[in-house]
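Examination of the molecular architecture
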Amino acid sequence: MKRILALSICISLLFSAFAQNTDGGASTIMKNLSTKYKGFSTMKISYTYKAEKEKKTLAAFSGTALIKGDKYKITFDDQTFFCDGTSMWNYQKASNEVSIYDYEESDDDALNPAKMVANWQKDFSAKFIREDVEKNKAVQIIDLTPKVGQSYYKIRLVIDKGKGEIIRTSIYEKDNTIYTYYFDSFTTNSTIDDSTFKFNASKYPGVEVNDMR
């Protein structure tokens, strides 16, 4: 669940513009993001993931995320998470096994990007770090520090200043592991059928079902 939690945090933190204030403009940026996020009916995200520790790569893979309100489908490595706003399914490809859980409001902040963005000010302190140049593009760097103790001590966002879009985001764990997500594409307001967010056992012949509800 740690990687899905990390991903859900990462894909929540897209934003628009920079303005100056006491934290370098970070709060204004995040408030603008919350407003922007509320305007999206759906989101499609393709990403590349990399986990590193002491400059050694621990894991790397690509994945996708589909979000529609409280509903989502997130795929990474050999797992897929489905949520229709009532139930959540975790499908494990290697074992052809799915576990079913009740959707709980307490899970919403962690697994629903829109809710995470809406609650950023409650959960994090934001600080504008600096502007830089990467691949001939101006970028802005923001650090988010959790107000309540977590396994990680900060989330770093790197943003294309011109487009107002995230380039990558990294979660810095206290054990020195760094999880980085590179956002390869981001599409909003596409039509996504609600059936996408519900696990359909008929599409997975022989699947073992573990109903934990």
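Residues numbered from 1 in each chain as written. Predicted model: local features only at pLDDT ≥ 70, side-chain atom pairs only at ≥ 80, totals over all residues. Heavy atoms only, no water.

Details of the confidence of the model for the protein
Here the protein averages 83 in pLDDT, and 83% of its residues register 70 or above. Note that pLDDT drops below 50 for residues 14-21; the model gives that stretch 30 contacts with residues more than four away or on any other chain. (pLDDT = per-residue confidence, 0-100. Contact = heavy atoms within 4.5 Å.)

Considering the pairing of strand β1 (residues 43-53)
Sheet topology note: the β1/strand β2 (residues 56-68) ladder contains 11 bridges and is antiparallel. Each residue of the ladder has a partner; that of A51, found in β2, is A59. Taking the residues between adjacent antiparallel strands as the criterion, β1 and β2 are bridged by two residues, where E54 takes a positive phi near 55 degrees. Both β1 and strand β11 (residues 177-188) contribute to a ladder of 11 bridges, which runs antiparallel. Paired with E52 across the bridge in β11 is I178. (Pairing = 2+ DSSP bridges. Helix = DSSP H or I, 4+ residues; strand = E, 2+ residues; numbered from the N terminus.)

Comments concerning the pattern of salt bridges
If the charged atoms of two oppositely charged side chains come close together, the side chains can form a pair. Applying the stated criterion across every chain yields a total of nine salt bridges. Measuring nitrogen to oxygen at the nearest pair gives 3.6 Å for the salt bridge that ties K154 to D143. Of this pair, K154 sits in strand β9 (residues 152-160) while D143 sits in strand β8 (residues 137-146), and the two are 11 residues apart along the sequence. Note on accessibility: K154 and D143 belong to one class, buried. Measuring nitrogen to oxygen at the nearest pair gives 2.7 Å for the salt bridge that ties D211 to R213. Where salt bridges share partners, they join D143, K154 and R156 into one cluster. (Salt bridge = Lys/Arg side-chain N within 4 Å of Asp/Glu carboxyl O. Buried < 20%, exposed > 50% of the residue type's maximum accessible area, 1.4 Å probe, protein only.)

Side note on the packing of aromatic side chains
Across all of its chains, the model carries 12 aromatic pairs by this definition. An angle of 75 degrees between the planes, with centres 5.6 Å apart, marks the rings of F82 and F199 as edge-to-face. With F82 in strand β4 (residues 79-83) and F199 in the loop between β11 and β12 (208-211), the pair connects residues that are 117 residues apart, well separated along the chain. Given the relative accessible area of 3%, F82 is considered buried. Given a relative accessible area of 10%, F199 falls into the buried group. Where F199 meets Y204, the ring centres are 4.7 Å apart and the plane angle is 20 degrees; that geometry is what we call stacked. Among the aromatic residues, those joined into a ring-pair cluster are Y47, Y49, F61, F76, F81, Y179 and Y181. Sitting above the plane of the Y172 ring, K154 keeps its charged end 4.6 Å from the centroid. (Phe/Tyr/Trp six-rings, centres within 6.5 Å; stacked < 30°, edge-to-face > 60°. Lys NZ or Arg CZ within 6 Å of the ring centre and 35° of its normal.)

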